[in-house]
Amino acid sequence: MIRIHPDLTDDELLRLFDKGIRAQWTQDAIDWSGAASISEAKRRALADVITPVYLGEQTAMVGISTVLPMVLNRGMAEAGLYLSSMGLDEARHFHNLHQLYDLLGQEPLPRRRLPEMFRYHARLLARREPTEWVWGILISDLFAKRFYGGFVERFPDTLVGRLSARTLQDEARHQAFSDRYLTRMLPTMTPEGRQALLDMRDDLFRVIEVLGGRLRPAMDELEWSPEEFIAGLWADTERWARRLHVKPGEAVEAPEPEA
Ligand SMILES: [Fe+2]
Ligand SMILES: [Fe+2]
C-alpha cells in the first residue's frame, strides 16, 4: 500500500532526484539547424538506425510507469520520486526524436521491416518483478548510450551529434539510479533470481543480434558495424553484471562460518 507520509531517508536517491529536476531541459536547448545539408542516403540511413532507439524511448516510458506503482507499493518512496523525473527525461527523448524525423523528412522503419524490435520490447514488457524491470531498463539505457555515443563520435558537429550529446547526459543519470536500486536489491535475491536476470540479458542479446543484421545496410552507410556496436554493448553489460555481482556463482554476502 502507498503510505501517506513515508520516511524519505535514502539521501543518495533524493540527491539523484534533485539532480534530475535541476537538469531538465527543453527543445530550445538544441540548435536544430543543419538537416538540409545531410545527403538523402544518410538521412534514410539515420532514420533506419534511429528506429529502435525511438521505440526504446517509448518503451522506457512504459517501463518507468510500470515500475513506479511497484516501488511505491513497497514503501520505496525515494525510488518513486526519482522514477518520476526519469519518466520526464524519456518523454523528452521521444519527443526530440519525433522532431528529428520531421526535420530529416523521413519515417522510422515500419514494424514489418524490424519485427525483432517488437520482440525485444515484448520481452521487456512481460516482466513482473521490479528488479527485472530495473535490470531491463539498465540494459536499454546502455543500448541508448551506445547509440547516442556512436552518433556523437561519428558526427560531433551536426544536428544528430548535438542532440545525442545532450541526451547522453540524461542517460548517465539513469544508470546511476539502476546502480543504486540494484545494489540494494540484488543481495536479497536467490541465485535463481539472479540467474534469471542473466538469462533475460542473453535473450535480449539474441534479439539484438538479429536486429543488427537487419540494420547492417543502414549502419554501413554510416560507417558503423553491427558487430562493433554489439561487442561494445556486451562489454558494457558484462561490466555492470560484475559490478553488481549479478552472477550467482559470485559471493554477495559474507561466507558462512565453517562448521
Ligand atoms: Fe532515453
Ligand atoms: Fe534512459
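For the structure itself, look to the data block above.
Scoring rules and cut-offs
- Residues numbered from 1 in each chain as written.
- Chains lettered and ligands numbered in written order.
- Predicted model: local features only at pLDDT ≥ 70, side-chain atom pairs only at ≥ 80, totals over all residues.
- Heavy atoms only, no water.
- Donors = N, O, S within 2.8 Å, 3.2 Å for Na, K, Ca; no water.
- Tetrahedral: all angles 85-135°; square planar, octahedral: opposite > 155°, others 65-115°.
- Helix = DSSP H or I, 4+ residues; strand = E, 2+ residues; numbered from the N terminus.
- Buried < 20%, exposed > 50% of the residue type's maximum accessible area, 1.4 Å probe, protein only.
- Axes fitted to C-alpha atoms, helices over the stretch in contact; angles between N-to-C directions.
- Parallel < 35°, antiparallel > 145°, perpendicular 65-115°, else oblique.
- Left-handed = near helix turned anticlockwise from the far one by under 90°.
- Contact = heavy atoms within 4.5 Å.
- Nonpolar A, V, L, I, M, F, W, Y, C, P; charged D, E, K, R; others polar.
- Salt bridge = Lys/Arg side-chain N within 4 Å of Asp/Glu carboxyl O.

(A) Up close: the coordination of the iron ion (ligand 2). Taken together, Glu90 (OE), Asp141 (OD), Glu171 (OE) and His174 (ND1) make up the protein donors of the iron ion (ligand 2), found 2.1 to 2.3 Å from the metal. Taken together, the four donor atoms surrounding the iron ion (ligand 2) define angles of 80 to 148° at the centre, an arrangement classified as irregular. Read N to C, the donor residues that coordinate the iron ion (ligand 2) are spaced as E-x50-D-x29-E-x2-H. Here the iron ion (ligand 2) and the iron ion (ligand 1) are spaced 3.5 Å apart, with Glu90 acting as a shared donor. Taken together, the residues span a long stretch of sequence, with Asp141 in helix H5 (residues 130-154) and Glu171 in helix H6 (residues 159-185) at a distance of 30 residues. Assigned by exposure class, Asp141 and Glu171 land together as buried.

(B) Expanded view of the packing of helix H2 (residues 40-73) against helix H4 (residues 115-125). In contact at an axis separation of 11 Å, H2 and H4 are set at 15° when each is read in the N-to-C sense. Compared by their axis directions, H2 and H4 come out roughly parallel. Crossing handedness for the pair H2 and H4: right-handed. Across the interface between the two elements, Thr51, Pro52, Leu55, Gly56, Thr59 and Val62 of H2 pack against Met117, Phe118, His121, Leu124 and Leu125 of H4. When its residues are assigned to classes, the contact of H2 with H4 shows seven nonpolar, four polar and no charged.

(C) Representation of the coordination of the iron ion (ligand 1) within the structure. Those donors, Glu57 (OE), Glu90 (OE), His93 (ND1) and Glu171 (OE), are the protein atoms that reach the iron ion (ligand 1), and they lie 2.0 to 2.3 Å from it. For the iron ion (ligand 1), the four donor atoms in the first shell make angles of 83 to 143° at the metal, a pattern classed as irregular. Overall, His93 belongs to the buried group, its relative accessible area being 1%.

(D) Molecular detail of the packing of helix H1 (residues 11-22) against helix H3 (residues 77-104). Orientation of H1 relative to H3, taken along the N-to-C sense of each, is 20°, at an axis distance of 9 Å. As judged from the angle between their axes, H1 and H3 are roughly parallel. Our pair here, H1 against H3, has a crossing hand that is left-handed. Residues Leu13, Leu14, Leu16, Phe17 and Gly20 of H1 lie in contact with H3, whose contacting residues are Glu78, Ala79, Leu81, Tyr82 and Ser85. Tallied by class, residues from the contact of H1 with H3 come to seven nonpolar, two polar and one charged.

(E) Main features of the pattern of salt bridges. Here the structure, examined in full by the defined rule, presents 24 salt bridges. Here Arg180 makes a salt bridge to Asp10, at a shortest N to O gap of 3.0 Å. Linking Arg180 in helix H6 with Asp10 in the segment before H1, this pair joins segments that are 170 residues apart in sequence. On the accessibility criterion, Asp10 (7% relative accessible area) is buried.

What is shown is where atoms sit, not what they do.
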